[in-house]
Amino acid sequence: MADSIYNQLSRYTQPPLIILGTMGAIFNQILFTSRKSLRTTSCSFYFRALSLNDFLVLYIYVLLQWLADQYGFDPTKKFDWYCKMKTYLQTVLYTLSPYFVVLACFDRLCTSSTHVRLRRIATVRIASFLIPAMTIFIFAIFSHMPFFYILNSYPTGSYCTPASVEYNRVFAILVVIALGIVPPILMMILCITTLILLRRQRRRIMPINQARLRQRDNQLLKMLLLYVVFHVITTIPFSTTLLIAVYQISSTSPTIILLYRLSILLFNTNYSTSFYIYTLSTPFYRQELFCLIKDTVKKFNRIIRPNYYQPKLHITVNTQLKRS
């Protein structure tokens, strides 16, 4: 009964999640690389890293897990090396996205600060350094996984599981801390501090150009705040059910296992909705999206109808000749 509920929900929720997430990740990359107002901000580098990592999560974890659930295609049950590397890679990718958001929140804090040294951190050069540094750091935190995940044989088949119960419990605590506790706390602290700094700066009279830049920064901060709220909502059920499932004194009940698997389906939405959170939350992002679509349509029309504007040009030239 529990497996049937999970399989039905997985069958009809994960494919739309993958499709919408793929479209959102592509739009994010195009917007943050092509629009000058977004491309010139250091925060856009963190958003681009976030959308790229979300894209990898959708295809390295969500899609492969859906194929395993629905069609039984699961190489982790056949190859020990695949069991180790897939588990390691999917855990790292799962964890990276919220830390890119933490970096983006820190970037907004530096931008809003009155201290010159902090504002110098919010640059493209620093962002280009912090993104790979954070990636290496997360890979290093979970570098023990390939040594402690093995392919175990059971009466019902082979499964990719931790080597011991003790390691499984320690690993669960590590995941909850690294994914469910530290990122939300850091996000909230950084965002609240940034809001306090922005409230103080509202009393100041700024030039028009600085006021426009400040308005853009406020919109980016609003995007971050909504992402933080959504991340917390989807993380709490996942972290709670994981700890209960691992630390249950007696054998884990089917209900707890079902709730844990369902919480993963909910948590997966966190990796496919960033684009839609941005577009629904901020007029600035919607305006940039509409401008991108408008420019794309114009370029497409010029390609398929290269002589579209030439008759108007000839008419203008002839009219000027007649007047002269």
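In the annotation of an unreviewed UniProt entry, the entry for the chain reads G-protein coupled receptors family 1 profile domain-containing protein, and the organism field reads Adineta steineri.

Residues Phe-47, Tyr-94, Val-101, Cys-105 and Phe-142 are the most contacted members of the largest nonpolar core, which totals 62 residues. Looking at this core, the element that brings in the most residues is helix 4 (residues 80–112), giving 13 residues. Residues contacting Val-101, with those up to four places away along its chain left out, are Leu-50, Met-187, Leu-224, Tyr-227 and Val-228.

Its place among the elements puts Phe-275 in helix 11 (residues 274–281). On the basis of relative accessibility, which here comes to 8%, the residue Phe-275 falls in the buried class. Distance from Phe-275 to Leu-20, taken between C-alpha atoms, is 9.3 Å for residues 255 residues apart in sequence. Not counting residues up to four positions away in its chain, the partners in contact with Phe-275 are Gly-24, Phe-27, Asn-28, Leu-31, Tyr-285 and Leu-289.

The final tally for this structure, using the stated rule, is 1 disulfide. The partner cysteine of Cys-83 in its disulfide is Cys-160, sulfur to sulfur 1.9 Å. The sign of the 75 degrees torsion about the S-S bond sets the Cys-83-Cys-160 disulfide as right-handed. Here the residue Cys-83 occupies a position in helix 4, and Cys-160 occupies one in strand 2 (residues 157–162), the gap between them amounting to 77 residues. Cys-105 forms no disulfide, and the closest cysteine sulfur to it belongs to Cys-191, at a distance of 3.5 Å. The exposure class assigned to Cys-105 is buried, which follows from its relative accessible area of 1%.

How each quantity is defined
- Residues numbered from 1 in each chain as written.
- Predicted model: local features only at pLDDT ≥ 70, side-chain atom pairs only at ≥ 80, totals over all residues.
- Heavy atoms only, no water.
- Core = buried A, V, L, I, M, F, W, Y, C linked by side-chain atoms within 4.5 Å.
- Buried < 20%, exposed > 50% of the residue type's maximum accessible area, 1.4 Å probe, protein only.
- Helix = DSSP H or I, 4+ residues; strand = E, 2+ residues; numbered from the N terminus.
- Contact = heavy atoms within 4.5 Å.
- Disulfide = S-S within 2.5 Å.

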